[in-house]
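Structure assessment
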Amino acid sequence: MSYLPTTSSAAAFQHFLATPLDTLLNKHQALNPQQKMLALFQRCAAEVPAYRQFLQAQQIDPVQINNYADFQKLPLISKANYMQAYPLPARCFGGSLIGADRVAVSSGSTGVPTFWPRSAAYELDVAVRFEQVFRDSFQADKRSTLAVVCFALGNWVGGLFTTSCCWHLAQKGYPLLVATPGNNKAEIFRVVRELAPHFEQTVLLGYPPFVKDVIDAGAAEGIDWAQFKPKLVFAGEVFSEEWRSLLSERIGSQSVCFDSASLYGTADGGVLGNETPLSIAIRRWLAQRPEAARSLFGESRLPTLVQYDPHSRFFEEHEGTLVVSGENSVPLLRYHIADKGGVLSYAQIWDFLRQHGVQSVEDLGLASGFQARDLPFVYVFGRADFTVSYYGANIYPENVTVGLEQPEILAWVTGKFVLQTQENAEGDKYLQIAVELLPGVAPEPAIAPTIAASIRAQLLRLNSEFAHYTPAEKQLPIISLHSFADAEYFPAGVKHRYTRR
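**Focus: the overall build of the protein**
Per the secondary structure count, the protein includes 18 helices and 18 strands. Against the globule reference of 23 Å for 501 residues, the protein gives a C-alpha radius of gyration of 23 Å, in line with a compact fold. Taken along the three principal axes of its C-alpha coordinates, the protein extends 70 × 55 × 50 Å. When the 501 residues of the protein are sorted by exposure, 54% land in the buried category. Contacts spanning at least 24 positions in sequence make up 72% of the contacts within the protein whose residues lie at least 6 apart. Carbon and sulfur atoms provide 52% of the accessible area of the protein, an area that totals close to 21100 Å².

**Some remarks on the pattern of salt bridges**
For the coordinates displayed, the defined rule picks out 27 salt bridges. Of the charged contacts in the structure, one is a salt bridge between D216 and R250, with a shortest N-O distance of 2.7 Å. With D216 in helix α10 (residues 208–220) and R250 in helix α11 (residues 241–250), this pair connects stretches of sequence that are 34 residues apart. For K340, the salt bridge identified is with E299, shortest N-O distance 2.9 Å. Residue K340 is found in strand β12 (residues 332–344), and its partner E299 is found in the loop between α14 (290–297) and β9 (304–307); the two are separated by 41 residues along the sequence. The class for K340 is partly exposed, based on a relative accessible area of 22%. In this structure, a network of salt bridges that share partners links the residues D22, R135, D136, D141 and R373.

**Description of empty space enclosed by the protein**
Under the counting rule described, the total for this entry stands at three cavities of 30 Å³ or more. The leading source of residues in the lining of the second largest cavity is strand β2 (residues 115–118), at three residues. Grouping the amino acids of the lining of the second largest cavity by side-chain chemistry returns five nonpolar, three polar and two charged.

**Brief notes about the packing of aromatic side chains**
The way to describe two aromatic rings as a pair is by their centre distance and the angle between their planes. Scanning all chains against the criterion turns up 22 aromatic pairs. When the ring of Y68 is compared with that of F71, the centres are 5.9 Å apart and the planes differ by 20°; the resulting orientation is stacked. Separated by three residues within a single helix, Y68 and F71 lie in helix α5 (residues 68–72), roughly one turn from each other. The same class applies to Y68 as to F71, namely buried. Ring-pair connections join several aromatic residues into one group, and the members of that group are F41, Y51, F54, Y82 and Y86. A cation over an aromatic ring shows up here: R118 above the ring of F161, its NZ or CZ 3.7 Å from the ring centre. Between R283 and the ring centre of F239, over which it is positioned, the NZ or CZ distance is 5.8 Å.

**Quick word on the packing of helix α1 (residues 9–18) against helix α7 (residues 120–137)**
One way to put it is that α1 packs onto α7 with a least axis distance of 8 Å and a crossing angle of 20°. By the angle between their directions, the pair α1 and α7 is classed as roughly parallel. Crossing angle aside, the handedness with which α1 passes α7 is right-handed. Each of S9, A12, F13 and F16 in α1 lies in contact with α7, whose residues at this interface are A120, A121, L124, A127, V128 and E131.

**Some details on the environment of R456**
Considering the arrangement of structural elements, one finds R456 in helix α17 (residues 447–462). A relative accessible area of 31% places R456 in the partly exposed class. Each C-alpha atom of the pair R456 and G403 lies 7.5 Å from the other, and the pair is 53 residues apart in sequence.

**Topic: helix α16 (residues 397–404)**
Most of α16 sits out of view: eight of its eight residues are buried. Burial in α16 covers these residues: P397, E398, N399, V400, T401, V402, G403 and L404.

**Quick word on the environment of V400**
In this fold, V400 is placed in helix α16. Given a relative accessible area of 0%, V400 falls into the buried group. When neighbours within four sequence positions are excluded, V400 is seen to be in contact with F417, L419, I433 and I455.

**A short note on the pairing of strand β4 (residues 176–179)**
Bridge analysis of strand β3 (residues 145–149) against β4 gives four bridges, and the strand direction is parallel. Note on β4: the bridge partner recorded for L146 is L177. For the crossover from β3 across helix α8 (residues 157–171) to β4, the handedness is right-handed.

**What to know about the sheet that holds strand β18 (residues 478–482)**
As summarised here, the arrangement of the three strands in space is β16-β17-β18, forming an open sheet in which the pairing is mixed. In the strand order of this sheet, the two ends are held by β16 (413–423) and β18, each with one partner. The mean inter-strand angle of the sheet, taken between neighbouring strand axes irrespective of direction, is 25°. Pairing between β16 and strand β17 (residues 429–437): eight bridges, direction antiparallel. For V418, the partnering residue across the bridge sits in β17 and is A434.

**Digging into the pairing of strand β8 (residues 270–274)**
Note on strand geometry: in a regular strand, side chains alternate between the two faces of the sheet. A large share of β8 lies buried, amounting to five of its five residues. In this structure, strand β7 (residues 260–266) lies alongside β8, joined through four bridges in antiparallel fashion. Its bridge partner lying in β8, G265 is registered against V271. Hairpin connection, β7 to β8: the antiparallel pair is bridged by three residues.

Calculation criteria
Residues numbered from 1 in each chain as written. Predicted model: local features only at pLDDT ≥ 70, side-chain atom pairs only at ≥ 80, totals over all residues. Heavy atoms only, no water. Helix = DSSP H or I, 4+ residues; strand = E, 2+ residues; numbered from the N terminus. Rg over C-alpha atoms; globule rule 2.2 N^0.38 Å. Buried < 20%, exposed > 50% of the residue type's maximum accessible area, 1.4 Å probe, protein only. Contact = heavy atoms within 4.5 Å. Areas by Shrake-Rupley, 256 points an atom, 1.4 Å probe, with all protein chains shown as cover. Salt bridge = Lys/Arg side-chain N within 4 Å of Asp/Glu carboxyl O. 1 Å grid on protein atoms, 1.4 Å probe; cavity = no way out; pocket = protein on both sides within 12 Å on 5 of 7 lines; lining within 4 Å. Points joined across faces, edges and corners; volume = space filled by probe spheres on them. Nonpolar A, V, L, I, M, F, W, Y, C, P; charged D, E, K, R; others polar. Phe/Tyr/Trp six-rings, centres within 6.5 Å; stacked < 30°, edge-to-face > 60°. Lys NZ or Arg CZ within 6 Å of the ring centre and 35° of its normal. Axes fitted to C-alpha atoms, helices over the stretch in contact; angles between N-to-C directions. Parallel < 35°, antiparallel > 145°, perpendicular 65-115°, else oblique. Left-handed = near helix turned anticlockwise from the far one by under 90°. Pairing = 2+ DSSP bridges. Right-handed = clockwise from strand over helix to strand, strands pointing away.

Structure representation (structure tokens):
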């Protein structure tokens, strides 16, 4: 059976090229995203064989789903009960891979890698997320820009997805040159040295730890980052505001909220949301007020906070985790992505801020003329659940990370660690943290005690459970120091896990 998408890639691309960003993002004022999701449901029930079979197995008649309340009662789909239960073509519109023109592969960190076909027509929703960052934060519509893609290239979603979306912006008229060295540091440095002097700004796009490695290693090789007016785009990990401040300082940033942005994305759904200057300003305000952050998010750690377009990707919250719906070659209908987090409307965020004394964007450190976009927020802690329980307190890797990002520690460590609880010969529990040293750093006697004290200080500041549940004499972690790429804790080429049980 041959099949072409309702909206051809050519027509969708022409619409993207001809439509200003403001118009693309203001459609929510005229359209109801809940109605759009209902329409997507009816289309999937009619045109996606796997979803039709899934509904039949659940004894659901699509004709009976007539309003948003009905939509909210639909069963969640997941990798286990849907993606791995039905053949790939059956999960596509028309029951065929015809109409998809590219493929991404999930990392497989929680199981077998999954293939996600997609088409240029559906990719343009993701390109709008990049356009938001490049225009609203970096003013790349007015500044000549070198975009350096530092994600791994190949079938993995990050590199080619990012490259493709940046190309779309260049075709739309942005003065943008896209270089694709991937995660090869030597090639990145060659690109920067040769090309960056010819542009008003340079954007590095990659995973947070790798971008930091690029900046640090580049500086060690004599690259003066500040002269290239760098901007940073991240994806894939939650990081602290202390870490953002550190990188901003190292690249000579004069405007932290406008010089970096994190994307919240998955291989299955594409980029689901993006940091904005407003969301970064709010997050930085919360980072200095742990109690306010705890009352807003319900946990003693700071999640990634992004804004999203509900017409592109529609979020719901289910038992403290996120559910997303969106049109794609493999459409998602109430898809449980298993990320811990929640959803807040634009009005809810501002109600909360006003209750805590913030009356305007100026109170968040933004300029008085700044115009925020009225888009909802989603916050993401990451996969549930990578916590360690210690004396009844949930210890989060994010809390430990802040302890390692203090100025006196940074000259010694890479930022990688493994957090676990252990028992001594007497059966007493203690908190043990294996820490990776930078290449060439020897484990001097003063390093471990300094790191332990720093982590304890940040745990006490950020984690009220730790402060209240853990006896004072048990609060100092035991630190073990390990050489760079240590085979037991930090093997090269393996996706790192920050906790062990």
